[in-house]
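Per-entry structural report
Here is what each chain is made of, one letter per residue.
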Amino acid sequence: MKDYIAIAIDGPAAAGKSTVAKIVAETLSYVYIDTGAMYRAITLKALQQDLDLNDEAAILELLLHTKIELNKQEKSQIVLLDNEDVTNDIRTSEVTNNVSYVAKLPKVRKEMVERQQALADNRGVVMDGRDIGTHVLPKAEVKIFLVASVDERAKRRHEENLKRGIESSLEELTREIENRDFIDSKRETSPLIKADDAIELDTTSLSIDQVVQEILNEVNRYFNQ
Ligand code: CDP
Ligand code: CDP
C-alpha cells in the first residue's frame, strides 16, 4: 500500500468543496489542486481577448498558449495566468457567469484533464472540481461528493461576499448557482455527476469542521483496511 493517496472532492457550486479540500490537504500535508480555478483562468483570458466562448477551436488554441499555475502561499493559494496573479480576477461575477460555457467545450476539457492529471502524479493530493472522481482521477482512493440545498449554498456565497465587502443579491446568487449547476450537469463531456464509488455528503446542516472530519474518517478507514 502507498503511504499517500488521492482524494477527489466533487459537487455543485458553493457546496463547500474548496474550503474543506484546503483544510484536508493542510491536515495531511498534501497538495491542494483547485481545478475550477484553472477553468476560471482560461475564461478570464478569453473574455479579456473578446473571444467567442462557444468557439472551441479558438479557446483551445488560446489554452495551448497559456500557462496556468496554482501556487501555495502561507495560508492561501494564488493563481497565476501567464505569470500574472489573477487570484481575485477569476472570482468576479463576469467570470463566474461565463465559465461553464468554456468548461463544456470537449477539447478544452481534454487539455485541462491532462494538465490536472500531471499535477497529481506521484504525490498525495486533494483535488476538487466536477469530474475529478469520474474522469480526472478515476482511481482516487477516496472520493467524496458534496451536496447542499441551493438555498443554503446561495446563503453561504452571500455571506462570503458580505465578508469581502462585495454587494450581492440572494435571489440573483440563487439563479446564478442554479444556472451554472444546470449547464455543468447537462453537458455531454464529463458532466457533474457522482462517481459510483463516491461517498455523498449532504452538508446543508453540517459545519465545515464536521465535513472535514467525515472526510478524514474516510481517509483513516482507507489506511486501516
Ligand atoms: O467554486 P465554485 O463552485 O463557484 O466553482 P469552481 O469550482 O471554481 O468551478 C467553476 C466552474 O468551472 C464550474 O461551474 C464548472 O463549469 C467548471 N469546472 C468544471 O467543469 N470541471 C471541474 N473539474 C472544475 C470546474
Ligand atoms: O468550492 P465550493 O464552491 O464548493 O464552495 P466553497 O467556496 O468552499 O464554500 C462556500 C462557502 O460556504 C464558504 O464561505 C464556506 O465557508 C461556507 N461553508 C462551507 O464551505 N461548508 C459548510 N459546511 C458550511 C459553510
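The structure displayed is predicted, hence computed values, not measured ones.

Observations regarding the site of ligand 1
The environment of ligand 1 is made up of 20 residues, and the closest members are Arg-40, Arg-109, Asp-131, Arg-180 and Asp-184. Between ligand 1 and Arg-109, the relevant distance is 2.7 Å, taken from an oxygen atom to a side-chain nitrogen or oxygen of the residue. One nitrogen or oxygen atom from the side chain of Arg-187 is found 2.9 Å from an oxygen atom belonging to ligand 1. In isolation ligand 1 exposes 530 Å². Once the protein is present, 98% of that is buried.

Things to note about the environment of Ile-177
If you trace the backbone, Ile-177 turns up in helix α8 (residues 170-186). Taking the relative accessible area as the measure of exposure, Ile-177 reaches 3% and is therefore buried. Separated by 113 residues in the primary sequence, Ile-177 and Leu-64 have C-alpha atoms spaced 29 Å apart. Among residues more than four places away in sequence, those in contact with Ile-177 are Ala-13, Ala-14, Val-150, Arg-153, Ala-154 and Arg-157.

A word on the side chain of Asp-128
Mapped onto the elements, Asp-128 comes out in strand β6 (residues 125-129). Here Asp-128 sits buried without a salt bridge, and the closest side chain of opposite charge, Lys-17, lies 5.4 Å off (N-O distance). A polar contact is formed between the side chain of Asp-128 and the side chain of Tyr-32, at a distance of 3.2 Å. Ignoring sequence-local partners within four residues, the contact set of Asp-128 consists of Ile-9, Lys-17, Ser-18, Ala-21, Tyr-32, Ile-33, Asp-34, Thr-35 and Gly-36.

Quick look at the packing of aromatic side chains
In this structure the tally under the stated criterion is one aromatic pair. Between Tyr-222 and Phe-223, the ring centres sit 5.3 Å apart and the planes meet at 75 degrees, which makes this aromatic pair edge-to-face. A residue is classified by how much of its surface remains accessible, and Tyr-222, at 18% relative accessible area, is buried. What makes Phe-223 partly exposed here is its relative accessible area of 29%.

Side note on the confidence of the model for the protein chain
Averaged over every residue, the pLDDT of the protein chain is 95; residues scoring 70 or more account for 100%. With a pTM of 0.97, the predicted complex shows an ipTM of 0.97.

Observations regarding the pairing of strand β7 (residues 142-147)
In terms of burial, β7 is largely enclosed, as six of its six residues are buried. Judged by which residues are buried, β7 turns out to be covered on both faces: Val-142, Ile-144 and Leu-146 on one side and Lys-143, Phe-145 and Val-147 on the other are all buried. Of the strand pairs in this sheet, strand β1 (residues 6-10) and β7 are connected by four bridges, and their pairing is parallel. Bridge assignment links Ile-9 to a residue of β7, and that residue is Ile-144. Direction of pairing for β7 relative to strand β8 (residues 199-202): parallel, over a ladder of four bridges. Across the sheet, the residue bridging to Ile-144 is Ile-199, located in β8.

Notes on the sheet that holds strand β5 (residues 84-85)
If you trace the three strands from one edge of the open sheet to the other, you get β3-β4-β5, paired in antiparallel fashion. Edge positions in the sheet fall to β3 (68-72) and β5, since each of these pairs with one other strand and no more. Two elements, strand β4 (residues 77-81) and β5, share two bridges in a ladder whose sense is antiparallel. Counted as the bridge partner of Leu-80 is Asp-85 from β5.

Cut-offs and rules
Residues numbered from 1 in each chain as written. Chains lettered and ligands numbered in written order. Predicted model: local features only at pLDDT ≥ 70, side-chain atom pairs only at ≥ 80, totals over all residues. Heavy atoms only, no water. Near = heavy atom within 4 Å. Polar contact = N/O pair within 3.5 Å; in protein donor to acceptor, adjacent residues only side chain to side chain. Areas by Shrake-Rupley, 256 points an atom, 1.4 Å probe, with all protein chains shown as cover. Helix = DSSP H or I, 4+ residues; strand = E, 2+ residues; numbered from the N terminus. Buried < 20%, exposed > 50% of the residue type's maximum accessible area, 1.4 Å probe, protein only. Contact = heavy atoms within 4.5 Å. Lys, Arg positive; Asp, Glu negative; His and termini not counted. Salt bridge = Lys/Arg side-chain N within 4 Å of Asp/Glu carboxyl O. Phe/Tyr/Trp six-rings, centres within 6.5 Å; stacked < 30°, edge-to-face > 60°. pLDDT = per-residue confidence, 0-100. Pairing = 2+ DSSP bridges.

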